[in-house]
Amino acid sequence: MPPAVNASFRALILSFLVAPSAFAQSPPVNGIRPSDVRWDAIEHATVYSSPEVRIDDATILMRDGWIDAVGPVAQVTIPAGATIHDGRGMFIYAGFIEPALLVDSAALARTATSQVGAHWNPNVTPQIVVTDLPPISTGLRQELRALGFAVAAAYPDSGIFRGRGAILLLGETPAGTRTIGEGAGQFVSFGRRASDGRPRGGDEERAPIYPNSLMGAVALLRQTMLDARWRADSTAVWKSHPVGNDPPVAATALDALALAIDGKERVLFDATTESDALRAGGLAKEFGLNASILGSGNEFRNLNEIAALRLPIIVPLEFPSAPDLSSPRLSEGVSLADLKSWAVAPSNAARLLCAGASISLTTTRLKSRNEFPSRVREARDAGLSESQLIAALTTAPASLLGLSDTLGTIAPGRMANLTISNGPIFGDESRITKVWVAGREYDTTTPGDAPFESEFSRAGRFSIALSDGTQRILVIDPKKRTINFESTKADGSKQSTGATHVALDRWRGGFLVEGDALGLSGPVRCSLRIDGDRIQIESKSGNGLLVAFTATPVVDEVATAVEPVKPASNRALRPEVPVTFPFGDFGLASIPARETVIFRGATVWTSTDDGILLDSDVIVQDGIITQVGKDLAVPSNARVIDCAGRHLTPGLIDCHSHTGVDGSVNEWTEACTSEVRINDVIDATDVGWYRELAGGVTCVNQLHGSANPIGGQNSVVKLKWGSPVAEWPAGAAKPGIKFALGENVVRPAGRYPQTRMGVEAFLRDHFRSAQEYRRTQKDFAANGDGRIPPRIDLELEALAEILEGKRVIHCHSYRQDEILMLIRLADEFGFRVATFQHVLEGYKVADAIAKHGAGASCFSDWWAYKMEVMDAIPWAGAMMQSQGVVVSFNSDSDELARHLNLEAAKAVKYGNLPPTRALEFVTINPAKQIGVGERTGSIAAGKDADLALWSGDPLSPLSLCEQTWVEGTKRFDRIEDLAVRDSREALRQQLITAIYKPKEAEKDPKKPVPEAADAPAPKPAGLRERMLASKDEIFLDLWRRGIDIRSASQAGDCGCSEIAR
Amino acid sequence: MTNLLSIVMSGIFAQSTLVPAPSQTAPIVIEHATIHTAVRGAPVLQDGFIILDGGKIVALGEGEARAAGGGPPPLNAQRIDAKGTHLTPGFISTATTLGLIETGAVRATDDRTEHGAFHPEVSAWVAINPDSDLIPVARLGGVLLALVFPQGGSVSGEASLIRLSGWTTEELAVVPDAGTIIRWPATEPAPRWYTTKNAAEQEKERRLAMQAIDKFFDEAKEYSRARKADQLLPLDLRFERLLDVLDGTRPLFIEAASAGQIESAILWAVDRAMRPIIVGGQGAPAVSDLLVAQNVPVIVSGVLRLPRFAHDEYDAAYTLPARLAAKGVEVAIATGDESSNDRNLVHHAAMAVAYGLPREEALGAITRVPAELCGAGGQYGVVAIGKSATILLHDGDPLEVKTSVRRAWLDGREIELASHQTQLKSKYEKKYGPQGGGATTGGAVPAGPPAQSKPSHPPASTSR
């Protein structure tokens, strides 16, 4: 902010402070006007005027809420009118700024949804402002001040477009709680709950609301931003051409986004996973947003990519607690990734800084906000320097909020916000004692709080010599809060007398004891205090007699003074571990390199008309197959792979997969979801990818589920395990979309269509709609001067692309009638269906499929799981092929995808296909079907070096996949996989040892696990609740049976089990 | 001598021919086959012969076929030259639901799960549908016997060994009550993505489930004592069925996946002097010492399956049988899959071989071991003199996916290798084939009903 603005801003505040009556809405004073003088000087303090500059023995001069001067005592003259505070022992920092305080806005969002100008989707409420909510409570302000915060940027927390934030002072009285600056910007999410990052499907107590999936949330974000832009454009057109254009309808939601979409208002993305952070970066770039990210704390899992976004990141300090490993049986289910997360999480902030990111710290996402100081210290131990920590709490959030000229440093002209500690602020023993907000001082210690926070620091056995010459032993156990007096009788028997009403704090205490314990009579009230290594006891008996005793440590016994309980350094506890990408157990320390390779003397299955080439060589350079032949010359620097006895095939291609889709694979809340894109939610870290590579798979068609007649846009990826997700999409692939027919799409109750008849009508209606949409656009392009432009509708865009042949359909289908229906429809609208997926009755109408020119991608032998698959036969693939259909076998299952070669072998078993033709069912044929046939799927010079090396005949279950290469880079090697198993296990054990502390073994499991903290309140059993409950039951049974939930969706179901029936 | 292939897949089967085969009337001599007997430690018989008579194997050997006494085979014998083929025992699908369910999506076809938590009184064989379309499909994959498991509850019911050909359930039943099935509670808390319940809540549920199981078996024990003392006590069907499980006569099939589950299940069963068999067994290698010490076999339910945890080695499921076998644990292999895929049982065994299980042990794991587990080892599971003539002839290595079963005998009765699926295949081959009149399916029909599309038959089933 330029100085001029600052000056006027300051003047504004002054006017409030000097003349309270200026509060137009304030009630009359009941009594005499308070003077409200704010003119203070703190002298002789240690002042950090900025994160890097420390001034010892300094004075800060403040007036009316602003800092007038700061400097060494000698250089600052304190005016006579100022109140002088002795700052000796004080360490003073600019007041901390909480950059992302989330405020429950569910109720306000619901209200906003029903108001004029609201968006149709209840997740879109950008028009609400956090200041419309009830002010944050005094308790919360106190809590934040106790942590050192003077200012917070607060945001509404509900929905996807959640609304606008505000920057609030954390003081008291109207002046001390006002908002400053122009606002904190729009807060948007990916539809997950802010508290725990779990997905939420709209309002959970009502019917499912779009979107239920992550990809749906991204689609809604994208469409809404386009709409906001269109709204602004069309309003401008209408203003200049009011005649002939319909006046715009009220659209307060879209209007609220006008500044943000122009990059003039900050947009904070709630990124509850590290991949959401990348998604936020992508959207920010796509729409030119002034974006920042509220992170997850897991950014270390994909550090470089996130740092490369160059977006400010607000980093939470919630670290995973150590997994419960009290029994070796429990460690069975704990992954190396879990253990590594535990070890690495505290260094997340330091790693981000080191990678060049700009970070601020937040208390948000902490299970308990009070843990903030200890978390900060853990972050310090994990590598953040003092000045970096200060910056992350002061200058960085100030800059993030655009208030660097007002907040974040201690300098003349800045707001008088100070955070004061009794020692270097992040020191283990330091506490925050005071916070100044706009020139007013607040004590952060709560009454009775200090200094009694610690346990009595002496324990053990002490000897007391009584005046009668006898001796008593005083036994103090501060943990149990017990005090006992032991005496030895003449006969040698021992007697012990316990004190009652024992009160102990760190250095002093009191108790009540029977007098004979101390050679007195009657009940005796005592106080005690520490005196070096001795303990002084003062006793007052009933008769008012005051007797003093000195207790000295018993020397002949081991006096076990309790070590001041100090949390062991977390750096020592959480060992250094290598960070890989993906972060999981099979991640890589670095991106594997492309190589020049010659595969020597292999049996080469070309999947071309050349069939099998015996004892042949294949040369790979720059990711491309450059030569195939016999006795080829070895290129320089080439790795020679001896393939004697081995078989080399094209990398296998899975034409129907749901592997690596982040979030739900079905956006099932609507029957047409052509706007959602699998591309937005590719998960490059899914272990399924690695397992599929281990089965020779190199390329996959990731499809939306089959819940909707018109599903989402597909994604074709190469399996580049270890590389950033941006490199995965296979560029050559034809853009596609998933359609679905039959039982699955009519399953959601109460939704059109409910019959196969309705499906046909639904599709026709949507294609007509897309035709009309394009016509309108063309009309406008031809003569649109002075007219409001047509709105971009991403749903219809995708459908129009189908009609234009720019996007192809992969259609889930089973029965012959529905297959013919789509062919008729496609012929009517003049496009060609790329593949019928599953197509289990395709063999009944193979000639029609061939005539239309569609491909068929089926299971080899799945059947019987529902009515429409009862006529499936395993000969279908061969039969369709014989009619001229291009046929592939797919998996639709993370498990089946691991041995597609065996699926291909079934085309030999059922249908007597020659083995080479059978292999083509999982190589060149699916490549053709998804539009990558020119690049991959066969072994020939010029094609991508996507290869699988087998120990024997690839169609034999007795052969192993030994290596898998994607574009000239080795992505799987069985030898290497076997070789690293031991070191992975060793690292596991090292981390388990580090975590496992016998003493805590009994304690830990009983400790309520974090999730228990918010006890599940009984909620009305909404549809989603019921679904979740039944899902819980199903999933828990799968867990009991040891079944990975990834395998829970069976082939052909396309994840439809989650749909309400 | 009939030629092997003359009978096979002639493509003229119609539904009426899918009748249960009649009993064996004449001896059958199969010569020149490679015979995998599945007898533990027995060598493969190269150029082997076998004589089947009266539903039993009466002679077996290498070289020239000889009758049991050493003389020539009976003159009335049907002689089959099986050169180039492999002969194995019929496969046994274990822990399957074959015959209890037809179509997962249609509740009315699903007889797997009885109401309630404890129903040992229900027995699988009672509800097997002998005319299930799934049974002939399984037979084509060499599965001639099935150990069928009811599902659900804590005590699911009684497993039944059935033969996969016959007119009635009575004919199908081989061992009607082969053992009681228990589904063991999870012993470790499920991670967050499985459930909204935290570890403490799950632990509480586990304790409750265990208490219920204990109580049930305590009561059964009391009942057993009381009934012995007083035969006039009112009958309790549930406990009655458990009597010879409680004394270890019949086994307990305990479904358990994790090492903790397996460990606690075995200790529990042994403490009660019962005879446990573990079903599932993914975590079993960690407690293999206990399995060996207590002589507890493991039915590995699925080799072609995903590893249990994301951090498990990619081949964890593939190597499981080999890892257990190497420790000396007796292993059976099941598909762990839907019963419609029972025909792929041998592929599970094959994958185990690729990942380290010796070949003959893999074959034993789908023949001999399952037969022994359910008390039918004297009859089924191996190719040996005196055993049931339940054998398969394969047109290649039985473990290869490309290999097909060409002929099959169950108790000496030759099984017709046809199914609903082969019928559909034949039917639609006629649609396209040269002799089928070249019927074609119509394409786009701009108006009116499809002119050329002649669905001469309605879809097989449309009820929903």
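1. With respect to the overall build of chain A
Here's step 1: Per the secondary structure count, chain A includes 29 helices and 42 strands.
Here's step 2: Nonlocal contacts in chain A, meaning residues at least 24 apart in sequence, comprise 67% of its contacts between residues at least 6 apart.

2. A look at the overall build of chain B
Here's step 1: Looking only at helices and strands, chain B has eleven helices and 17 strands in total.
Here's step 2: Looking at chain B as a whole, 53% of its 464 residues are labelled buried.
Here's step 3: Taking the intrachain contacts of chain B between residues at least 6 apart in sequence as the baseline, contacts between residues at least 24 apart amount to 69%.

3. Here we look at the sheet that holds strand S31 (residues 652–657) of chain A
Residues and elements named next belong to chain A.
Here's step 1: Strand order in the open sheet made by the three strands is S31-S32-S34, with mixed pairing throughout. One side of each edge strand has no neighbouring strand; the edge strands of this open sheet are S31 and strand S34 (715–718). Neighbour to neighbour, the strand axes of the sheet diverge by 15° on average, direction disregarded.
Here's step 2: Both strand S32 (residues 697–702) and S34 contribute to a ladder of four bridges, which runs antiparallel. By the bridge assignment for S34, Gln702 is matched with Ser715.

4. Quick notes on the pairing of strand S4 (residues 56–62) of chain B
Here's step 1: Direction of pairing for strand S3 (residues 45–53) of chain B relative to S4 of chain B: antiparallel, over a ladder of six bridges. Following the sheet pairing, Gly48 of chain B is matched in S4 of chain B by Glu62 of chain B.

5. Points about the packing of helix H18 (residues 756–783) of chain A against helix H20 (residues 816–829) of chain A
Residue and element names in this part refer to chain A.
Here's step 1: The interhelical angle for the contact between H18 and H20, taken along N-to-C directions, is 20°, at an axis separation of 11 Å. Judged on the interaxial angle alone, H20 and H18 are roughly parallel. Seen from above, H18 lies across H20 with right-handed handedness. Of the residues in H20, those in contact with Arg756, Glu760, Leu763, Arg764 and Phe767 of H18 are Asp817, Glu818, Met821, Leu825 and Phe829.
Here's step 2: Within the contact of H18 with H20, the residues separate by chemical class into five nonpolar, no polar and five charged.

6. So, the sheet that holds strand S10 (residues 173–183) of chain B
Within a sheet, neighbouring strands are paired by backbone hydrogen bonds and run either parallel or antiparallel to one another.
Residue and element names in this part refer to chain B.
Here's step 1: As summarised here, the arrangement of the eight strands in space is S7-S8-S9-S10-S11-S12-S13-S14, forming an open sheet in which the pairing is mixed. Each edge of the open sheet carries a strand with a single partner, namely strand S7 (91–96) and strand S14 (331–334). Strand-to-strand, the axes of this sheet are offset by a mean angle of 25°, without reference to chain direction.
Here's step 2: With four bridges connecting them, strand S8 (residues 143–148) and strand S9 (residues 155–163) associate as antiparallel partners. Along S9, the bridge assignment pairs Leu147 with Leu161.
Here's step 3: Sitting on the sheet, helix H7 (residues 316–326) touches strand S13 (298–301) and S14, and the angle it makes with S14 is about 170°.

7. Observations concerning the nonpolar core
Here's step 1: Core analysis: the largest hydrophobic core is formed by 399 residues, its most contacted members being Ile60, Ile92 and Ile849 of chain A together with Ile162, Ile254, Ile278 and Ala349 of chain B.
Here's step 2: The greatest single-element share of this core, amounting to nine residues, is contributed by helix H5 (residues 214–240) of chain A.
Here's step 3: If you look at the next biggest cluster of nonpolar residues, it comprises 21 residues, including Leu474, Ile483, Ala499 and Cys526 of chain A.

8. Things to note about the domain arrangement of chain A
Here's step 1: Looking at chain A, the domain boundaries give domain 1 (96–443) and domain 2 (460–553).
Here's step 2: With centres defined by C-alpha atoms, the gap from domain 1 of chain A to domain 2 of chain A works out at 55 Å.

9. Brief notes about helix H11 (residues 420–432) of chain B
Here's step 1: Look at H11 of chain B: 19 Å from first C-alpha to last across 13 residues, which is about the 18 Å you get at 1.5 Å a residue.
Here's step 2: The set of residues buried in H11 of chain B consists of His420, Gln421, Thr422, Leu424, Lys425, Tyr428 and Lys431 of chain B.
Here's step 3: Where the residues of H11 of chain B are buried, they touch helix H22 (876–882) of chain A together with helix H1 (134–140) of chain B.

10. Side note on the packing of helix H11 (residues 336–344) of chain A against helix H26 (residues 974–995) of chain A
Residues and elements named next belong to chain A.
Here's step 1: Contact pair H11 / H26: the axes reach a minimum separation of 10 Å and the direction vectors enclose 50°. Comparing the axis directions of H11 and H26 gives the class oblique. The chirality of how H11 crosses H26 is left-handed. Residues Leu336, Leu339, Trp342 and Ala343 of H11 touch H26, and the partners they reach there are Arg984, Leu987, Arg988, Leu991, Ile992 and Ile995.
Here's step 2: Tallied by class, the residues present in the contact of H11 with H26 amount to eight nonpolar, no polar and two charged.

11. Focus: the interface of chain B and chain A
Here's step 1: Tallying the contact residues gives 67 residues for chain B and 71 residues for chain A.
Here's step 2: Elements supplying a minimum of two residues to the side of chain B that touches chain A: helix H3 (199–229), helix H5 (259–271), helix H8 (345–354) and H11 of chain B.
Here's step 3: Of the residues assigned to the side of chain B that touches chain A, the class counts are 33 nonpolar, 22 polar and twelve charged.

12. Brief notes about the environment of Ser951 of chain A
All names here are of chain A.
Here's step 1: Position of Ser951 relative to the elements: it lies in the loop between strand S40 (947–950) and strand S41 (961–966).
Here's step 2: Separated by 305 residues in the primary sequence, Ser951 and Arg646 have C-alpha atoms spaced 4.9 Å apart.
Here's step 3: Not counting chain neighbours up to four residues away, the residues in contact with Ser951 comprise Arg646, Ser959, Leu960 and Glu962.

What counts and how
- In every chain, residue numbers begin from 1 and rise along the written sequence.
- Here chains are named by letter from A upward and ligands by number from 1 upward, in the order in which they appear as written.
- Where local features are concerned, this predicted model is filtered to residues with pLDDT of at least 70; where side-chain atom pairs are given and counted, the filter is 80 or more; whole-chain, interface and lining totals use all residues.
- To qualify as a helix, a DSSP run of H or I must reach at least 4 residues; to qualify as a strand, a run of E must reach at least 2; elements of each kind are numbered from the N terminus.
- A pair of residues counts as a contact when their C-beta atoms, built from backbone coordinates, are within 7 Å of each other.
- Buried, partly exposed and exposed are defined by the number of other C-beta atoms within 10 Å of a residue's own C-beta, namely 20 or more, between the two limits, and 12 or fewer respectively, with C-beta atoms placed from the backbone.
- Two strands make a pair as long as DSSP finds a minimum of two bridges between them.
- Convention adopted: a line fitted to C-alpha atoms gives each axis, helices being fitted over their contacting stretch, and angles between N-to-C directions are expressed from 0 to 180 degrees.
- An angle counts as roughly parallel when it lies under 35 degrees, as roughly antiparallel when it exceeds 145, as roughly perpendicular when it falls between 65 and 115, and as oblique in every other case.
- Should the near helix be turned anticlockwise from the far one by less than a right angle, the crossing is left-handed, and should it be turned clockwise, the crossing is right-handed.
- Amino acids are sorted into nonpolar (Ala, Val, Leu, Ile, Met, Phe, Trp, Tyr, Cys and Pro), charged (Asp, Glu, Lys and Arg) and polar (every other residue, Gly among them).
- Any nonpolar core is a set of buried residues, restricted to Ala, Val, Leu, Ile, Met, Phe, Trp, Tyr and Cys, that join up through C-beta atoms within 7 Å.
- Domain segmentation is taken from an automatic or database assignment of domains.
- By this rule the span expected of a helix is its residue count minus one, scaled by 1.5 Å.

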